[in-house]
Amino acid sequence: MNRFMAMQQAEDVRTLIEELVLIPSPSGSTTEVISKVEAYFEDLGIRTERLRKGGLLAELPGREKAEQRMMTAHVDTLGAMVKEVKSDGRLKLDLIGGFLYNAVEGEYCEIETAGGERYTGTILMKQTSVHVYDNAGKAERSIDNMEVRIDEKTSSKEETEALGIGPGDFISFDPRVQVLPNGYIKSRHLDDKASVAVLMRLAKEIMEEAIELPYTVQLLISNNEEIGFGGNAGIRPETVEYLAVDMGAMGDGQTTDEHTVSICAKDSGGPYHLGLRKHLVELAEVNSIGYQVDMYPHYGSDATAAVRAGHDVIHGLVGPGIDSSHAYERTHIESLEATYRLLKAYVQSPMRAY
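Counting restarts for each chain: residues are numbered from 1 in the order of the written sequence. Local features in this predicted model are restricted to residues of pLDDT 70 or higher, and side-chain atom pairs are both shown and tallied only at a pLDDT of 80 or more, whereas totals for entire chains, interfaces and linings draw on every residue. Excluded from the side-chain calculations are hydrogens and water; all other atoms, namely the structure's heavy atoms, are used.

*Asks:* Would you mind going over the overall build of the chain in detail, with residue names and values included?
*Replies:* Numbering of helices and strands starts at the N terminus; helices are DSSP runs of H or I of at least 4 residues and strands are runs of E of at least 2. For the chain, the count of helices and strands is seven helices and 19 strands. Its C-alpha atoms give the chain principal-axis dimensions of roughly 65 × 40 × 40 Å. Any two residues whose heavy atoms approach within 4.5 Å are treated as being in contact. In the chain, of all internal contacts separated by at least 6 residues, the share reaching a separation of at least 24 is 76%. For the purpose of charge, His is not counted, nor are the chain termini; Lys and Arg are scored as positive and Asp and Glu as negative. Charge placement uses NZ in Lys and CZ in Arg. For Asp and Glu, CG and CD serve respectively. Taking the average place of the 36 positive charges on the side chains of the chain and the average place of its 56 negative ones, the gap between the two points comes to 2 Å.

And the structure:
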C-alpha cells in the first residue's frame, strides 16, 4: 500500500489528519488549530509568522531567495453560527461556507460561546419525528426548518441564553474521523486538513533530512479559504509560483479519484497557469506518480483568491482526491502519498521560464 512513501511518513500523515480534524475550526474561529500547526513548525526550527488575518507563514529556506515559491493549504472548515435563540430554547443556525443544510442533518455539533463555554448538540429538522409530522420527509431543509437541539436542560429562550449562548456563537461539526486498515480515511474536514497534514510532514522531512531546496518556499496555512479570501495575503513580492494544495473534487464527469493526485486545469475562476500545470504533469510522469488532470466547475481555491486580489504570480492547484466533498468525506492514503511525492519533487525542481 505504501510502496513509495515510508511507512512512518504515511503513519505520521494519518496521525496529523486525525489530530487536525478533531480541532474545531470553522472559518472565523481558527486560532486553536493555527497554534497547533505553528507549534509543529517551530519544534522543527522553522521560522513562522502570524498574519493579521490569522493565517500562518512558515519559511523553508532555499539557495535562491530573490525568486521564491509559495504553497498553501487551509485549516478553516465549513461550520455555522447561531442565528437566533428560538422561543423553545433551540437554535436557528446560519451556514459558514458553501454547502447545503441536508449535508449536516443529524450531525453532532459543538457550540462555543463568546465566553468560551462549549456545549454539544445535534443538528436536526424541526419536523424530524415521523410520529408527529406528516411532512417529515418532504419539508425543505432550510434555515427556517433546521435547528440545533442542545444537550442541556432548556426549553425556553431565556434558559438557553442563561447558558451564555447567543447569536454569533460558532457551531462546529463532529468530524467522526475513522482511519481504516485498508488505507481509507473518512471524516469531515479532509478539505483541507488532509493537505495541511501533507505539507506539515513534508516540511518535517525537508528539515530533518537537510534537503537542499533550489528556491525558498513559503508555506501559507490559510484560515479563510471556505469564505473566499484565505490565500490572498502574506504573499511575498519575491513569490513567482503560487501552488494551492487543496482537495480534488470527485463526481460525475470528473477524472479525480481517491488513489492519485489531482492536478487542476480550471476551476470556477478560470484556467490555471498552463506552464505550471505542464511542469506538474511532467514531474508526475518522470517520477511514476499517479495523477489525473481535472476541472472543478463549482470551486475556487486560495490560488484563485490570490490572483483575483491582483497578485502577479504563476498559479496552480493540486491535491488528494476527496469523495463527497463538503459532506462526510473520504480519501485513501495512496492519494495522500501521490500528493506528497509530487510536492516533494516540485520543491526540488528548477523553476521554468514559462
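*Asks:* Requested: an account of the packing of helix 5 (residues 274-286) against helix 7 (residues 333-347), with residues and values cited.
*Replies:* Two numbers describe a pair of packed helices, the interaxial angle and the distance between the axes. Axis definition: a line fitted to C-alpha atoms, limited for helices to the stretch in contact. Angles are taken between N-to-C directions and run from 0 to 180 degrees. At a minimum axis separation of 10 Å, helix 5 and helix 7 run at an interaxial angle of 115°. In terms of orientation, helix 5 lies roughly perpendicular with respect to helix 7. The interaxial crossing formed by helix 5 with helix 7 has right-handed handedness. Here helix 5 contributes Leu276, His279, Leu280, Leu283 and Ala284 to the contact with helix 7, which in turn contributes Leu342, Ala345 and Tyr346. Tallied by class, the residues present in the contact of helix 5 with helix 7 amount to seven nonpolar, one polar and no charged. Throughout, the term roughly parallel applies to angles under 35 degrees, roughly antiparallel to angles over 145, roughly perpendicular to angles from 65 to 115, and oblique to all others. A crossing counts as left-handed when the near helix is turned anticlockwise from the far one by less than a right angle, and as right-handed when that turn is clockwise. Gly is put with the polar residues, along with every residue not named as nonpolar or charged; the nonpolar set is Ala, Val, Leu, Ile, Met, Phe, Trp, Tyr, Cys and Pro, and the charged set is Asp, Glu, Lys and Arg.

*Asks:* With reference to specific residues and values, describe the sheet that holds strand 19 (residues 329-332).
*Replies:* One open sheet holds the three strands; their spatial order is 10-11-19, and the pairing between them is antiparallel. Of all the strands in the sheet, just strand 10 (178-179) and strand 19 have a single pairing partner and so form its edges. Pairing between strands is defined by DSSP: at least two bridges between the two strands are required. Relative to strand 11 (residues 184-187), strand 10 runs antiparallel, the two sharing two bridges. Bridging from a neighbouring strand, Val179 pairs with Ile185 of strand 11.

*Asks:* Explain empty space enclosed by the protein residue by residue, including any values.
*Replies:* Points on a 1 Å grid over protein atoms alone make up a cavity when a 1.4 Å probe fits among them but cannot get out, and a pocket when they form an open set with protein on both sides within 12 Å along at least five of seven lines; lining residues each have an atom within 4 Å of a point. Grid points are joined across faces, edges and corners, and a volume is the space filled by probe spheres set on the points. Scanning the entire structure with this criterion turns up three cavities of 30 Å³ or more. If you add up the space inside the largest cavity, you get close to 70 Å³. Considering the residues around the largest cavity, the lining is formed by Leu78, Phe99, Val104, Phe173, Arg188, His189, Asp191, Glu226, His326, Ala327 and Glu329. Along the lines of polarity and charge, the residues of the lining of the largest cavity split into five nonpolar, two polar and four charged.

*Asks:* Give a detailed account of the packing of aromatic side chains, specifying residues and quantitative values.
*Replies:* Any two of the Phe, Tyr and Trp rings considered here, Trp counted by its six-membered ring, make a pair once their centres fall within 6.5 Å; the pair's planes then place it as stacked at under 30 degrees, edge-to-face at over 60, or tilted in between. Inspection of the entire model under this criterion finds three aromatic pairs. Between the aromatic rings of Phe99 and Phe173, the centroid separation amounts to 5.8 Å while the plane-to-plane angle is 75°, which identifies the pairing as edge-to-face. A residue pair is termed long-range when its members are at least 10 positions apart, and Phe99 in the loop between strand 5 (91-96) and strand 6 (108-112) and Phe173 in strand 9 (residues 170-173) qualify at 74 residues. Exposure remark for Phe173: the relative accessible area of 5% places this residue in the buried category. Ring centres 4.7 Å apart and planes at 35° place the aromatic pair Tyr296 and Tyr299 in the tilted group. Only protein chains enter the accessibility calculation, which uses a 1.4 Å probe. A residue is then buried if its area is under 20% of the maximum for its type, exposed if over 50%, and partly exposed in between.

*Asks:* Tell me what's going on with the nonpolar core, and back it up with residues and numbers.
*Replies:* The nonpolar side chains of a soluble globular protein tend to be buried, and buried together. The term nonpolar core refers to a set of buried residues drawn from Ala, Val, Leu, Ile, Met, Phe, Trp, Tyr and Cys, joined through side-chain atoms within 4.5 Å. Ranked by size, the top nonpolar core spans 75 residues in total, and within it Ile17, Val37, Phe41, Met71, Val318 and Leu343 carry the most contacts. Looking at this core, the element that brings in the most residues is helix 4 (residues 190-208), giving 10 residues. Residues within four places of Ile17 in sequence aside, it is in contact with Ile185, Leu190, Lys193, Ala194, Ala197 and Leu336. By size, the runner-up hydrophobic cluster in this structure holds 23 residues, among which are Cys109, Tyr119, Ile123 and Ala139.

*Asks:* Account for the environment of Glu225, with residues named and values stated.
*Replies:* Along the chain, the position of Glu225 falls in the loop between strand 12 (213-222) and strand 13 (239-245). Residue Glu225 is classed as buried on the basis of its relative accessible area of 8%. A C-alpha to C-alpha distance of 6.3 Å links Glu225 and His74, two positions 151 residues apart in sequence. Residue contacts for Glu225: discarding those within four places in its chain leaves His74, Asp76, Gly230, Asp246, Gly300, Ser301 and Asp302. Within the local environment of Glu225, its side chain forms a polar contact with the side chain of His74, the two groups lying 3.0 Å apart. What qualifies as a polar contact is a pair of N or O atoms within 3.5 Å, subject to a donor-acceptor requirement within protein and to the restriction that residues adjacent in sequence count only when both atoms come from side chains.

*Asks:* So what about helix 7? Which residues, and what values?
*Replies:* By definition here, a helix of n residues has an expected span of 1.5 Å times n minus one. The first and last C-alpha atoms of helix 7 sit 21 Å apart over 15 residues, in line with the 21 Å expected at 1.5 Å per residue. Taking burial as the measure, the 15 residues of helix 7 include 13 buried ones, the bulk of the element.

*Asks:* Give a description of the pattern of salt bridges that names residues and reports values.
*Replies:* A pair is scored as a salt bridge if a Lys or Arg side-chain nitrogen falls within 4 Å of a carboxyl oxygen belonging to Asp or Glu. Inspection of every chain in the model, using the stated rule, returns 22 salt bridges. Arg50 is paired through a salt bridge with Glu38; the nearest N and O atoms lie 2.9 Å apart. With a gap of 12 residues between them, Arg50 in strand 1 (residues 47-50) and Glu38 in helix 2 (residues 31-43) connect regions that are remote in the sequence. The partly exposed category is assigned to Arg50, whose relative accessible area is 36%. According to the relative accessible area criterion, Glu38 is buried, its value standing at 16%.

*Asks:* Which residues make up the pairing of strand 1, and what values go with them?
*Replies:* Where strand 1 meets strand 2 (residues 56-60), four bridges bridge the pair, whose relative direction is antiparallel. Each bridged residue has a counterpart across the sheet, and for Arg47 the counterpart in strand 2 is Glu59. In textbook terms, the turn of a hairpin is the stretch between consecutive antiparallel strands, and for strand 1 and strand 2 this stretch comprises five residues, one of which, Gly54, has a positive phi near 100°.

*Asks:* So what about the layout of surface pockets? Which residues, and what values?
*Replies:* Here the largest pocket defines a volume of roughly 490 Å³. Here the lining of the largest pocket gets three residues from one element, more than from any other, and that element is helix 6 (residues 302-308). Class assignment of the residues belonging to the lining of the largest pocket gives a composition of eight nonpolar, 10 polar and five charged.

*Asks:* So what about the packing of helix 1 (residues 7-21) against helix 2? Which residues, and what values?
*Replies:* Closest axis-to-axis distance for the helix 1/helix 2 pair is 10 Å, and the angle between their directions is 150°. By the angle between their axes, helix 1 is roughly antiparallel relative to helix 2. Only Val33, Lys36, Val37 and Tyr40 of helix 2 make contact with helix 1, whose side of the interface consists of Leu16, Glu19 and Leu20.

In short, geometric facts, not functional conclusions.
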